[in-house]
Amino acid sequence: MKARLISNVTLDPITRHFVSLEVNCAPFDRYFYELTCTQTASSVSDYQVLLSILEPRVLFGDSLYTGAAPSRWFEYLKALEQFCRAHPSKLVVANTICLPALRYLNYSDVVSSSSLRARELEANQTLCALSNQYSNLIVVDLEPLFRKFGEDRLLAPALWYLARIPFSECMFRELAKSIEQAIAAYLNQSRKVLVLDLDNTLWGGIVGEDGPRGVVLSEDGRGRCYRDFQRLIKATKQTGVILAICSKNNWEDVKEIFERNDMMILNLEDFSAIEVNWDSKPQNLVKIAGDLNLGLDSFVFIDDNPVERASVTSALPDIFVPDFPSKVEALPTWFLENIVYPHFARYRITEEDLHKAEQYAANRTRNQVATNLNPADFLRSLNIRLRFEVDPLDRVSRAAQMTQKTNQLNVTTRRYSEADIRRFMESRNHSVVLLDYEDRFGKEGIVGLAILDYSKGEIDSLLFSCRVIGRGVEAQLLTKVESLFRSRGLSKIGATFISTSKNAPAKKLFSENNFTLVSASGHGTEIYQKELK
Amino acid sequence: MRSIHDQILDLVSEVLKVERGRLAEDSSSETVKAWDSLGHLNICLAVSEKFGMEMDMDQIENSTSVSKLVTLVSTHMKSR
């Protein structure tokens, strides 16, 4: 992706540290002009992302020495808001303010009503409120970087006074990383499944040898490292990460430790797939992917054993398999830094994220029922209730998330940002239709999405979560789509299937629903049409 | 371990995107086109990070050649 970087200081050295973004810097101190005069700035069409990275000390100006309200900051936020509103399809990244640790009010800064600390908080809250109002604005927080690395390592006083370069190499590197991770999180490019080994991973020792209560897992010492690791895994599950177990063990031993060791934080219900046996790990991981109906490239596998890791890496290169920390005290921080931030990053957490694990668990129960009934009886027994929502502005995040994440049952695989979805919803020429699913085992939430383009008379996007494959919901969404086209006075619908390496399951969607194939190209693109009666 | 001299040449080559073979002990902001003022600041950032040293304003302004950078870093490493 192409990005434009605007600032009030010299940030050119950061460009070397971006990996996925191709960054072009605006001239020095031109941020205000670029935010407000975009009609004349021809460059605005040249990039998808605007990085507005401002140095707080400059924006605070005299306020840094008086504690007065930083008027320049609030003027900046107005300009930023204006840009976000005028360019809903541009992604905008802005940083929070993090003022220097040492301040003129020294020890009184913590309690004084005109403290810089209070000003800083107020300034940042105003920025975050904008991000909640404008879905195309991503806020990147500088404070965690200063907490982790310290101001002495991140600021560069000599370069600052010589050349208006505020930051050290370390800061440029870490800031570039944070920006790219936040954008990836916003675009929902994260992985989905965390698969865990058990012995010497979730606890110290081997349950089959040390016994369910003899393993290292406690509230102090080494045992606490594993316990805190479990706490973090459980917390990560709350953000929508699917958990699974892949362990060479006896099922009886594993069951016993989960049931009888009261130091365990995780319980068996936290896991959406469990493979405990003596088969090879790659075999079991493939089985888990099949059970969950998710691609291996959405998996992270954590195992303390380097031989097992190597076998997985060589057999299944799509799975991310990190090295395991050699010191157990590093485990909790290692997990956050190397697993959560790079692979399970989130920017906004949706309602579906919160219930994802229960949905997959309900699916397991459904599958068990399905094996005992014939397909028609199974469908009837589910007691499915569907609800359609057309252009619901409060579901923008989830709708964008679905276009970003759905690979298999997706006819055109067009990826859209929240800003794109909002534009479709607000446009007279488009509708965004969401399908909400519930059955007797539980709520699945939004599982289907269609984007209709009335001006072209065609279906721009049509996709379904693979969780509902085989439950007959596809036809019902298409029926709804047809009625919407009909209500616009259209007599036929056009539709396109664009083949990708993953969407074979979507290939028959149109022909099974009485669309006629009009033409097909050699690249796997098919054009369909259906007359509306 | 590679000598400080070689490490500096590697680093300058990487930061300025100039082939290693085109740089030598006497390369400087006078002789290398990419070694402009921004290029120089990038070199200072990278040298500070790599050798864990803080360059003061005089050092940044004066260390505009490979040989001067080598002297600066060598002095720093000895004083540690």
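Quick caveat: nothing in here was measured; it's all calculated off a predicted structure.

Cut-offs and rules
Residues numbered from 1 in each chain as written. Chains lettered and ligands numbered in written order. Predicted model: local features only at pLDDT ≥ 70, side-chain atom pairs only at ≥ 80, totals over all residues. Heavy atoms only, no water. Helix = DSSP H or I, 4+ residues; strand = E, 2+ residues; numbered from the N terminus. Buried < 20%, exposed > 50% of the residue type's maximum accessible area, 1.4 Å probe, protein only. Contact = heavy atoms within 4.5 Å. Buried area = accessible area lost by both parts, 1.4 Å probe. Salt bridge = Lys/Arg side-chain N within 4 Å of Asp/Glu carboxyl O. Polar contact = N/O pair within 3.5 Å; in protein donor to acceptor, adjacent residues only side chain to side chain. Pairing = 2+ DSSP bridges. Patch = residues over 30% accessible without salt bridge, like charges linked within 9 Å, V, L, I, M, F, W, Y side chains within 5 Å. Areas by Shrake-Rupley, 256 points an atom, 1.4 Å probe, with all protein chains shown as cover. Lys, Arg positive; Asp, Glu negative; His and termini not counted. Charge placed at Lys NZ, Arg CZ, Asp CG, Glu CD. Axes fitted to C-alpha atoms, helices over the stretch in contact; angles between N-to-C directions. Parallel < 35°, antiparallel > 145°, perpendicular 65-115°, else oblique. Nonpolar A, V, L, I, M, F, W, Y, C, P; charged D, E, K, R; others polar. pLDDT = per-residue confidence, 0-100.

K.L.:
Explain unusual backbone geometry to me, please; I cannot follow it from the model alone.
P.N.:
The phi torsion of most residues other than glycine is negative, and most of the peptide bonds are trans. For Arg164 of chain A, which is not glycine, the phi dihedral falls at a positive 60°. Inspection of the secondary structure puts Arg164 of chain A in the loop between α8 (157-163) and α9 (169-186). A residue is classified by how much of its surface remains accessible, and Arg164 of chain A, at 40% relative accessible area, is partly exposed. With a phi close to 55°, Lys17 of chain B is a non-glycine residue in the positive phi region. Mapped onto the elements, Lys17 of chain B comes out in the loop between α1 (4-16) and α2 (37-51).

K.L.:
Is there a simple way to think about the interface of chain B and chain A in this case?
P.N.:
Interface extent is often summarised as the accessible area lost during association of the parts. Counting residues at the interface gives 12 residues for chain B, matched by 16 residues for chain A. Approximately 1200 Å² of surface area, both sides summed, lies buried where chain B meets chain A, with 73% of it carried by carbon and sulfur atoms. Among the residues chain B hides against chain A, the three largest losses belong to Leu45, Glu49 and Met57 of chain B. Together they make up 44% of the total. Scanning the region where chain B abuts chain A turns up 1 salt bridge. The shortest N-O distance in the salt bridge between Glu49 of chain B and Arg173 of chain A comes to 2.6 Å. Summed over the shared surface of chain B and chain A, the result is 3 residue pairs in polar contact (both at pLDDT 80 or more). When residues of the side of chain B that touches chain A are traced back to their parent elements, those giving at least two are α2 and α3 (57-62) of chain B. When residues in the side of chain B that touches chain A are grouped by element, the largest group, 6 residues, is from α2 of chain B.

K.L.:
What exactly am I supposed to notice about the pairing of strand β16 (residues 516-520) of chain A here?
P.N.:
Along any regular strand, the residues point their side chains to alternate faces of the sheet. Residue and element names in this part refer to chain A. Across the 5 residues of β16, 0 count as buried, placing the element largely on the outside. Here β16 runs beside strand β17 (residues 525-531); their pairing, made up of 4 bridges, is antiparallel. The residue bridging Thr516 from the neighbouring strand is Gln529, located in β17. Between the antiparallel neighbours β16 and β17 lie 4 residues, among them Gly524 with a positive phi of about 90°.

K.L.:
Where do I start with the pattern of salt bridges in this structure?
P.N.:
Where charged atoms of side chains with opposite charge meet at close range, the side chains can pair. All names here are of chain A. Throughout the structure, instances matching the rule amount to 43 salt bridges over all chains. In this structure, Arg4 and Glu34 form a salt bridge, with 2.6 Å as the shortest nitrogen-oxygen distance. Here the residue Arg4 occupies a position in strand β1 (residues 2-6), and Glu34 occupies one in helix α1 (residues 31-36), the gap between them amounting to 30 residues. In this pair, the class of Arg4 matches that of Glu34, namely buried. Between Glu219 and Arg231 there is a salt bridge; the shortest N-O distance is 3.1 Å. With a gap of 12 residues between them, Glu219 in the loop between α10 (207-210) and α11 (222-237) and Arg231 in helix α11 connect regions that are remote in the sequence. By sharing partners, the salt bridges in this structure join Glu219, Arg224, Arg227, Asp228 and Arg231 into a single network.

K.L.:
Mind showing me how you'd approach a negative patch on the surface here?
P.N.:
On the surface, Asp152 of chain A together with Glu54, Asp56, Asp58 and Glu61 of chain B cluster together into a patch of negative charge. Note on placement: Asp152 of chain A falls in helix α7 (residues 151-154).

K.L.:
Can you walk me through the packing of helix α13 (residues 281-292) of chain A against helix α14 (residues 306-315) of chain A in this structure?
P.N.:
Residue and element names in this part refer to chain A. Viewed as axis vectors pointing N to C, α13 and α14 meet at an angle of 55°, and their least axial separation amounts to 9 Å. One way to sum up the angle between α13 and α14 is to call them oblique. Of α14, the residues touching α13 (which contributes Lys281, Pro282 and Leu285) are Glu308, Ser311, Val312 and Ala315. For the contact of α13 with α14, a count of residues per class yields 4 nonpolar, 1 polar and 2 charged.

K.L.:
Hey, could you run me through helix α18 (residues 396-405) of chain A in this one?
P.N.:
Because the α-helix completes a turn every 3.6 residues, residues three or four places apart line up on one side. Residues and elements named next belong to chain A. Burial analysis of α18 places 9 of its 10 residues in the buried class, the great majority of the element. Every buried residue of α18 is listed here: Val396, Arg398, Ala399, Ala400, Gln401, Met402, Thr403, Gln404 and Lys405. Turning to α18, the residues buried within the fold contact α16 (351-372), β11 (409-410), α19 (418-426), β12 (430-439), β13 (442-453) and β14 (458-464).

K.L.:
Would you mind showing me how to read the packing of α11 of chain A against helix α15 (residues 331-343) of chain A here?
P.N.:
The description of two helices packed together rests on the angle between their axes and the distance between the axes. Residues and elements named next belong to chain A. Interaxial distance between α11 and α15 falls to 8 Å at its minimum, and their mutual angle equals 30°. Between α11 and α15, the contacting residues are Cys225, Tyr226, Asp228, Phe229, Leu232, Ile233 and Thr236 on the first element and Leu331, Pro332, Phe335, Leu336 and Val340 on the second. Residues belonging to the contact of α11 with α15 are distributed by class as follows: 10 nonpolar, 1 polar and 1 charged.

K.L.:
Got a minute to help me understand the pairing of strand β3 (residues 49-52) of chain A in this structure?
P.N.:
All names here are of chain A. Residues of β3 alternate between two faces, with Val49 and Leu51 on one and Leu50 and Ser52 on the opposite face, all of them buried. As judged from the 4 bridges shared by β1 and β3, these two strands associate in the parallel manner. Within the sheet, the bridge partner assigned to Ala3 lies in β3 and is Val49. Here β3 pairs with strand β4 (residues 91-95) via 4 bridges, running parallel. Note on β4: the bridge partner recorded for Leu50 is Val92.

K.L.:
What's the story with the confidence of the model for chain B in this structure? I'm lost.
P.N.:
Reading fine detail from the predicted coordinates is not recommended where pLDDT is low. Residues and elements named next belong to chain B. Taken residue by residue, chain B gives an average pLDDT of 93. The fraction at 70 or more is 100%. Here helix α4 (residues 66-79) is the element of chain B with the lowest mean pLDDT, 93, and α1 is the one with the highest, 95. With pTM at 0.78, the complex prediction returns an ipTM value of 0.87.

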